[in-house]
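The primary structure of each chain is shown beneath.
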Amino acid sequence: DRSSYALTHALTLSRRALVVDRQQRGNPLLKFIRHVVTAPGERFHADYLLGPTSCAFFLSLRYHLLHPDYIFERARDLGAFRFRLRVLLLLVDT
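It should be emphasised that the depicted structure is a prediction, and the values quoted were computed from it without experimental measurement.

Regarding the nonpolar core
Among the nonpolar cores identified, the biggest contains 14 residues, and Val 19, Phe 44, Leu 49 and Cys 55 are the most heavily contacted of them. Taken together, the elements giving at least two residues each to this core come down to helix 1 (2-13) and strand 4 (54-60). Sorting elements by how many residues they give to this core places strand 4 first, with 3 residues. Those residues in contact with Cys 55 that sit more than four places away from it in its chain are Ala 46, Tyr 48, Leu 49, Leu 50, Leu 78, Phe 83, Leu 85, Arg 86 and Val 87. If you look at the next biggest cluster of nonpolar residues, it comprises 5 residues, including Leu 18, Tyr 48, Ala 56 and Phe 58.

Re the pattern of salt bridges
Per the stated rule, a full pass over the model turns up 1 salt bridge. With a closest N to O distance of 3.0 Å, Arg 74 and Asp 47 form a salt bridge. With a gap of 27 residues between them, Arg 74 in helix 3 (residues 70-77) and Asp 47 in the loop between strand 2 (38-41) and strand 3 (48-51) connect regions that are remote in the sequence. In this structure, Arg 74 and Asp 47 share a single accessibility class: buried.

A look at the sheet that holds strand 4
Strand pairing in a sheet takes place through backbone hydrogen bonds and is either antiparallel or parallel in direction. Strand order in the open sheet made by the 5 strands is 2-1-3-4-5, with mixed pairing throughout. Edge strands, defined here as strands with exactly one partner in the open sheet, are strand 2 and strand 5 (85-91). Across the sheet, the axes of successive neighbouring strands diverge by a mean angle of 25°, strand direction being ignored. Taken together, the 3 bridges between strand 3 and strand 4 define a ladder with antiparallel strand orientation. Looking across to strand 4, one finds that Gly 51 is bridged to Ser 54.

Remarks on the packing of aromatic side chains
With the rule as written, the count across this model stands at 1 aromatic pair. Between the aromatic rings of Tyr 63 and Tyr 70, the centroid separation amounts to 5.1 Å while the plane-to-plane angle is 80°, which identifies the pairing as edge-to-face. The partly exposed category is assigned to Tyr 70, whose relative accessible area is 26%.

Calculation rules
- Along each chain, the written sequence defines residue order, and numbers are assigned to residues from 1.
- In view of the model being predicted, local features appear only for residues whose pLDDT reaches at least 70, and side-chain atom pairs are presented and counted only at 80 or more, with totals across whole chains, interfaces and linings using the full set of residues.
- As a rule here, side-chain values cover all heavy atoms of the structure and leave hydrogens and water aside.
- By nonpolar core is meant a set of buried Ala, Val, Leu, Ile, Met, Phe, Trp, Tyr and Cys residues that side-chain atoms within 4.5 Å join together.
- Only protein chains enter the accessibility calculation, which uses a 1.4 Å probe; a residue whose area is less than 20% of its type maximum is buried, one above 50% is exposed, and one in between is partly exposed.
- Strands are runs of DSSP state E lasting at least 2 residues, helices are runs of H or I lasting at least 4, and numbering of each runs from the N terminus.
- By definition in these notes, contact holds between two residues if any of their heavy atoms fall within 4.5 Å.
- In what follows, salt bridge is the name for a side-chain nitrogen of Lys or Arg lying within 4 Å of a carboxyl oxygen of Asp or Glu.
- Between any two strands, at least two bridges found by DSSP are needed for them to pair.
- Axis definition: a line fitted to C-alpha atoms, over the contacting stretch in the case of helices. Angles run 0 to 180 degrees between N-to-C directions.
- Aromatic contacts are taken between Phe, Tyr and Trp rings whose centres are within 6.5 Å, Trp giving its six-membered ring; a plane angle under 30 degrees counts as stacked, one over 60 as edge-to-face, and the others as tilted.

Given below as structure tokens:
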């Protein structure tokens, strides 16, 4: 199955690089991440893979105020994956 292959590939890449979901490509946060190899990825249910057992979500406070259930739904969708560390990167932009 294509999505399980994409996840396996992303987890393998995350050993050497910060894997960035394709939906995060235009995120202004990325210009502040330096001295780290980044690699594109897709279909791994988080915004960033920090390592094989670590992931991160990006959330704008403004977006959260408009859609308060969004981050909880994303975390619930991640439930089947065994990430020991889950980080929330919050942009305070109100």
